[in-house]
Amino acid sequence: MNFAFSDDSRLLRDQARRFLAERCPASLVRAALDAAPPQAAALWREMAGLGWLGVGLPEAHGGAGLGAEALCVLAEELGRALAPVPFLSGRCLAAEAIAQCGSPAQQAAWLPRLAAGEATAAFALAEGAGDPSPGAIRARLRNGRIDGTKLPVADGMNADIAVIAAQDADGPVLALVDLAGPGVERQPMAMIDPSLPHANVTCRAAPAERLPGAAGWNAIAALLDRAAVPAAFAALGGASAALEMAVAYAKERHAFGRAIGSFQAIKHKLADVYVAVELARSNAWYACWALERDAGALPLAAATAKVSADAAFFQAAKENIQTHGGIGFTWDADPHLFYRRAMLLAHALGGPRFWKERMMAALETANAA
Amino acid sequence: MDFDDTPDEAAFRAEARAFLDANRPRKDRARAAPRYGEVDAAELARAKAWQARKAAAGFAGITWPREWGGRGGSPMQQIIWNQEEAGYDVPYDVFLIGLGMCIPTLMAYAGRPVLERYVRPALRGEEIWCQLFSEPAAGSDVAGLCTRAERNGEDWVVNGQKVWTSGAHFCDFGLLLARSDPAVPKHAGLTAFWIDMKAPGVEVRPIHQMSGGSHFNEVFFTDLRLADRQRLGAPGQGWKVALTTLMNERLAVGEPRRPDIHDLIALARAVAIDGRPAIADPAVRLKIAEWWADSAGLAYTRFRTMTALSRGQTPGPENAIAKVVNAARLQAIAAYGMDLLGQAGAIADPALAPMAGLFQDGLLAAPGQRIAGGTDEILRNIIAERVLGLPAEPRVDKDMPFNRHAPAR
Ligand SMILES: Cc1cc2nc3c(=O)[nH]c(=O)nc-3n(C[C@H](O)[C@H](O)[C@H](O)COP(=O)(O)OP(=O)(O)OC[C@H]3O[C@@H](n4cnc5c(N)ncnc54)[C@H](O)[C@@H]3O)c2cc1C
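Just so it is clear, the structure is predicted and the values come from calculations on it, not from any experiment. (Residues numbered from 1 in each chain as written. Chains lettered and ligands numbered in written order. Predicted model: local features only at pLDDT ≥ 70, side-chain atom pairs only at ≥ 80, totals over all residues. Heavy atoms only, no water.)

A. The arrangement of the overall build of chain A in detail. Summing up its helical and strand segments, chain A has 11 helices and nine strands in all. Projected onto its principal axes, the C-alpha positions of chain A cover 75 × 50 × 40 Å. Counting all 369 residues of chain A, 60% fall into the buried class. Split by element, the accessible area of chain A, about 13,900 Å² in all, is 55% carbon and sulfur. Mean positive and mean negative side-chain charge positions of chain A (33 and 36 charges, respectively) differ by 4 Å. (Helix = DSSP H or I, 4+ residues; strand = E, 2+ residues; numbered from the N terminus. Buried < 20%, exposed > 50% of the residue type's maximum accessible area, 1.4 Å probe, protein only. Areas by Shrake-Rupley, 256 points an atom, 1.4 Å probe, with all protein chains shown as cover. Lys, Arg positive; Asp, Glu negative; His and termini not counted. Charge placed at Lys NZ, Arg CZ, Asp CG, Glu CD.)

B. Spotlight on the overall build of chain B. Each helix and strand counted, chain B has 11 helices and 10 strands in total. Rg of the C-alpha trace for chain B: 23 Å, near the compact-globule value of 22 Å for 409 residues, within the 12% margin. Counting only C-alpha atoms, chain B reaches 75 × 50 × 45 Å along its principal axes. For chain B, the residues scored as buried account for 48% of the 409 residues in total. Pairs at least 24 residues apart make up 74% of the contacts formed inside chain B by residues separated by at least 6 positions. (Rg over C-alpha atoms; globule rule 2.2 N^0.38 Å. Contact = heavy atoms within 4.5 Å.)

C. Quick peek at the pairing of strand 4 (residues 173-179) of chain B. Residues and elements named next belong to chain B. Counting buried positions along strand 4 yields seven of seven residues, so the element is predominantly enclosed. Judged by which residues are buried, strand 4 turns out to be covered on both faces: Phe-173, Leu-175, Leu-177 and Arg-179 on one side and Gly-174, Leu-176 and Ala-178 on the other are all buried. In the sheet, strand 4 pairs with strand 5 (residues 190-196) via seven bridges, with the strands oriented antiparallel. Residue pairing for strand 5: Gly-174 is matched across the bridge by Ile-195. (Pairing = 2+ DSSP bridges.)

D. Broad picture of the site of the ligand. Looking at the ligand, there are 18 residues lining it, with Gln264(A), Ser140(B), Ser166(B), Thr375(B) and Glu377(B) nearest. One finds residues of chains A and B in close proximity to the ligand. Between a nitrogen atom of the ligand and a side-chain N or O atom of Ser134(B), the distance comes to 2.7 Å. Side-chain polar atom of Thr375(B) to an oxygen atom of the ligand: 2.7 Å apart, as the coordinates give it. Relative to its unbound accessible area of 960 Å², the ligand is 66% covered by the protein chains. Residue assignment for the shell around the ligand shows that the elements contributing at least two residues are strand 3 (155-166) and helix 11 (376-387) of chain B. In terms of residue class, the shell around the ligand is made up of seven nonpolar, 10 polar and one charged. (Near = heavy atom within 4 Å. Polar contact = N/O pair within 3.5 Å; in protein donor to acceptor, adjacent residues only side chain to side chain. Nonpolar A, V, L, I, M, F, W, Y, C, P; charged D, E, K, R; others polar.)

E. Structural context of the confidence of the model for chain B. Of the residues in chain B, 95% have a pLDDT of 70 or more, and the chain-wide mean is 92. Model confidence for the complex: the whole-complex pTM is 0.95, and ipTM, which rates the interface, is 0.93. (pLDDT = per-residue confidence, 0-100.)

F. Looking closely at the pattern of salt bridges. Applying the stated criterion to the full structure yields 48 salt bridges over all chains. Two residues, Glu135(B) and Lys162(B), come together in a salt bridge whose shortest N-O distance is 2.8 Å. Linking Glu135(B) in the loop between strand 1 (129-132) and strand 2 (148-152) with Lys162(B) in strand 3, this pair joins segments that are 27 residues apart in sequence. An identical accessibility class is assigned to Glu135(B) and Lys162(B); each is buried. Where Arg258(B) meets Asp263(B), a salt bridge forms, and the shortest distance between an N and an O atom there is 2.9 Å. For the pair Arg258(B) and Asp263(B), a shared accessibility class is recorded, and that class is buried. Each of Arg13(A), Arg17(A), Glu76(A), Glu77(A), Glu278(A), Arg281(A) and Arg304(B) takes part in a single network of salt bridges with overlapping partners. (Salt bridge = Lys/Arg side-chain N within 4 Å of Asp/Glu carboxyl O.)

G. Spotlight on helix 1 (residues 7-23) of chain B. All names here are of chain B. Compared with the 24 Å implied by 1.5 Å per residue over 17 residues, the 24 Å span of helix 1 between its first and last C-alpha is a close match. Among all positions of helix 1, only Glu-9, Phe-12, Arg-13, Ala-16, Phe-19 and Leu-20 are buried. Buried residues along helix 1 cover an arc of 130 degrees about the axis, so they all sit on one side. Looking at helix 1, the residues exposed on the side facing more than 90 degrees away from the buried face are Pro-7 and Ala-22. (Expected span 1.5 Å × (residues − 1). Arc of directions from axis to C-beta.)

H. Region of the structure containing the nonpolar core. Of all hydrophobic cores here, the largest spans 171 residues; its most connected members are Met47(A), Phe87(A), Leu174(A) and Phe233(A). No other element matches helix 7 (residues 217-252) of chain A, which puts 22 residues into this core. Each residue touching Leu174(A), except ones within four places of it in the same chain, is listed here: Ala97(A), Phe123(A), Val163(A), Ile164(A), Ala165(A), Arg210(A), Leu211(A), Ala214(A), Ile220(A) and Leu223(A). Judged by nonpolar contacts, the second largest core, of 55 residues, contains Cys102(B), Tyr118(B), Ala143(B) and Val219(B). (Core = buried A, V, L, I, M, F, W, Y, C linked by side-chain atoms within 4.5 Å.)

I. Representation of the packing of helix 7 of chain A against helix 10 (residues 335-346) of chain A. Residue and element names in this part refer to chain A. Relative to each other, helix 7 and helix 10 sit at 160 degrees, their axes nearing to 10 Å. Taken together, the axes of helix 7 and helix 10 are roughly antiparallel relative to one another. The handedness of the crossing between helix 7 and helix 10 is left-handed. Counting all contacts with helix 7, which are made through Ala-231, Ala-234, Ala-235, Gly-238, Ala-241, Ala-242 and Met-245, the residues of helix 10 involved are Pro-335, Phe-338 and Leu-345. Of the residues contributing to the contact of helix 7 with helix 10, the split by class is nine nonpolar, one polar and no charged. (Axes fitted to C-alpha atoms, helices over the stretch in contact; angles between N-to-C directions. Parallel < 35°, antiparallel > 145°, perpendicular 65-115°, else oblique. Left-handed = near helix turned anticlockwise from the far one by under 90°.)

J. Representation of the environment of Glu364(A). One can find Glu364(A) in helix 11 (residues 352-368). For Glu364(A), a relative accessible area of 24% puts it in the partly exposed group.

K. The arrangement of the state of the cysteines in detail. Scanning the model with the defined rule gives zero disulfides over all chains in all. With no disulfide of its own, Cys101(A) lies 15 Å from the sulfur of Cys92(A), the closest cysteine sulfur. (Disulfide = S-S within 2.5 Å.)

L. Representation of a nonpolar patch on the surface. Residue and element names in this part refer to chain B. Nonpolar side chains collect at one region of the surface, where Leu-243, Leu-246 and Met-247 lie side by side and expose about 310 Å² of accessible area between them. Counting through the fold element by element, Met-247 comes out in helix 6 (residues 238-247). Look at Met-247 and you get exposed, because its relative accessible area is 71%. (Patch = residues over 30% accessible without salt bridge, like charges linked within 9 Å, V, L, I, M, F, W, Y side chains within 5 Å.)

M. Just the domain arrangement of chain B, in detail. Residue and element names in this part refer to chain B. Taken domain by domain, chain B holds domain 1 (7-94), domain 2 (129-242) and domain 3 (253-374). Listed per partner, the contact involves 12 residues of domain 1 and 17 residues of domain 3. Note on domain 1 versus domain 3: buried area summed over both sides is about 1,400 Å², and carbon and sulfur give 56% of it. Inspection of the region where domain 1 meets domain 3 yields zero salt bridges. (Domains from an automatic or database assignment. Buried area = accessible area lost by both parts, 1.4 Å probe.)

N. Structural context of the packing of helix 1 of chain B against helix 2 (residues 41-56) of chain B. Residue and element names in this part refer to chain B. Remark: helix 1 packs on helix 2, axes separated minimally by 12 Å, with the N-to-C direction vectors making an angle of 140 degrees. The handedness of the crossing between helix 1 and helix 2 is right-handed. Across the interface between the two elements, Phe-19, Leu-20 and Asn-23 from helix 1 touch Trp-50, Arg-53 and Lys-54 from helix 2. Grouping the amino acids of the contact of helix 1 with helix 2 by side-chain chemistry returns three nonpolar, one polar and two charged.

O. Here's a closer look at the interface of chain A and chain B. Taken residue by residue, the interface counts 46 residues in chain A and 46 residues in chain B. Both sides together, the interface formed by chain A and chain B hides about 4,300 Å², and carbon and sulfur atoms give 64% of it. Three residues stand out in chain A for area buried against chain B, namely Met1(A), Lys267(A) and Leu279(A), and they jointly supply 19% of the buried area on that side. Taken together, the links from chain A to chain B amount to six salt bridges.

P. Region of interest: the environment of Asp21(B). Residues and elements named next belong to chain B. In this structure, Asp-21 sits in helix 1. Sequence separation between Asp-21 and Glu-85 is 64 residues; the distance between their C-alpha atoms is 9.9 Å. The residues touching Asp-21, leaving out its near neighbours within four places in the chain, are Arg-26 and Tyr-88. Engagement of the side chain of Asp-21 in a polar contact is seen with the side chain of Tyr-88, the distance being 2.8 Å.

Here it is in structure tokens:
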């Protein structure tokens, strides 16, 4: 039994935490609520320099040669710091789609540049309301051109290319589109967490190139499962940080002649958050193992981790605000940054309902086997 | 990351499984689980026979020193044993408190002659021990107990009452916490003893539980005479002894009580809503998904504990987490299972209720789970104070002589 991260992963975690404490303070996240600050772009470039954007990608294409553990460790630390960078959309969805489903030529063209931070990619599946499903994809791919509207698209304003889901004659597929090219129109849109900007992307006969490995809904669903694992780690990181913030404040703030953390209403609330966070941590670790080792276990493990971590993050974030009282409701205090991010993450790949249903479907498959 | 046993662990697991295969049938989840806490003479005899057989084969007291009949094994081996034994149909474990808490306390505080006399018979299941801590006026606040132990020449004389003593009606010996000095603050005036439950001056009266059985008892002491060699630790050091007992709660939390998430899934497959299996109903699916996430989280948390143990580290607060989650979830799952049964939900007749009334039984047992061994509230205090480091509550009675703040007792 060795259910723990390797020494290498722990070193990476320490390095990432120190680096982000310096380069990504809460002030940077708050600045990103108004407009992407130059430091956020600088942070992304530095992450590329550290090899973080290539983690888990093939070494032949500029990857860092590290596996799922490293990817999850980074996602958790970026989540802790609420880093205003498109790691989930760029690395875990778009680059992952190219790595998993792209042709050798597409991989050679894009992965080295994405890993080096010379280009960024977005991933466009959603088209407004509705759970991820084959029927919810109405964009069409015909004769190498896409028509349709995608929203919300994370990093859609800034990204150079997008991996876009569309229907071709055989069903759902993924295709690469040059966002600066002809037939693409992008509009920024307000999100619950503005520190990660999103766009409304409309394609009118935009030239597109299919990813040959992504044929059918199952390939897209498999990508969602893979991305759900680092997404769960990002939520776990945010949840842990929100709990720590609440605990620190509960020790320092006094009311009625004593620290508010000595009142049981606060204590028990935070004990419950702690329990939720630790269960989410265990589920996330198991999903990390499944991502690295066991494709058969991944769908159930990924959905369980995602549901658990998103719920824990929201619980930690809302009770952090409550623990802070009035100051917690202000723009200038940090608690709302967690609250916003928790809800953004919980809807980034389909909402909690979708992942619970996905968990049940996987559970029934596992039980039938 | 891996979930593989080391070669040593795998060898031990194989040995445990071979012994279990040779001696017990596999557990059949579809069969009725034993009713909670109901231990009649026949079940007691079965439990004793099974314990004797385990002890003879070296599977009792796995972490205890060989000197006292144990295996001299690791906590990891104990967990592996627990995992394996859970897959078999074995009698209700009436030795948990005695072997898990009382005898380890004896090992820490009693002299050699006492250990030579009592440890092996306990391990072989011949003598059963109980824990005599809680009193009518002292449960969560057990240091506020009133049972008096007074010096009388070389001996001690005990008067007072204990309550909620699990198994006292079939136990042979007990671990007693009593007040030896009421003139000092409450934690400083306690002394611990071991006692013979059959001695004159000990009277056991079973209590009828809300779940139907009588598993716990009132225990009255009237001029119970104890020799000084029955004292554990110095006079006035009883709180320290009690903490040893409470720390020795079973290392691994066992399987969650039933009905668990698997039982709920089985039920949701078996019953229909609007002509379709309940498991096809979206609302039911959402509920099951949420409890599945918790159940999986607890199971994997146990793997984290095992990893810490296998590295020789002390496990963290996982047991408190497991207890808080399991007890409340047992209650929630039981109630939800009844909801799935609709108008038949409240039928408790094992011949009529699905799964022999498992859900109705579980509902009635659940409140006890949320209280025994530390209430939900006390466990949250423990997590908040010892894990998160939040400040303790002010305690008005802490430094005051016990007899000046206990008028109500
Ligand atoms: C099935 C069962 C088996 C048991 N077996 C044994 C046994 O073998 N030996 C033994 O010694 N005892 C045993 N007990 C007793 C058990 O340890 C106590 O019942 C338990 O510690 C609670 O004490 P109490 O019943 O006096 O409740 P109280 O302490 O009076 O608690 C009443 C309520 O007040 C709350 N409360 C109390 N203090 C606080 C606080 N500081 N903060 C917040 N809330 C608080 C409690 O959580 C509870 O909700 C058993 C109990 C049960 C139910």
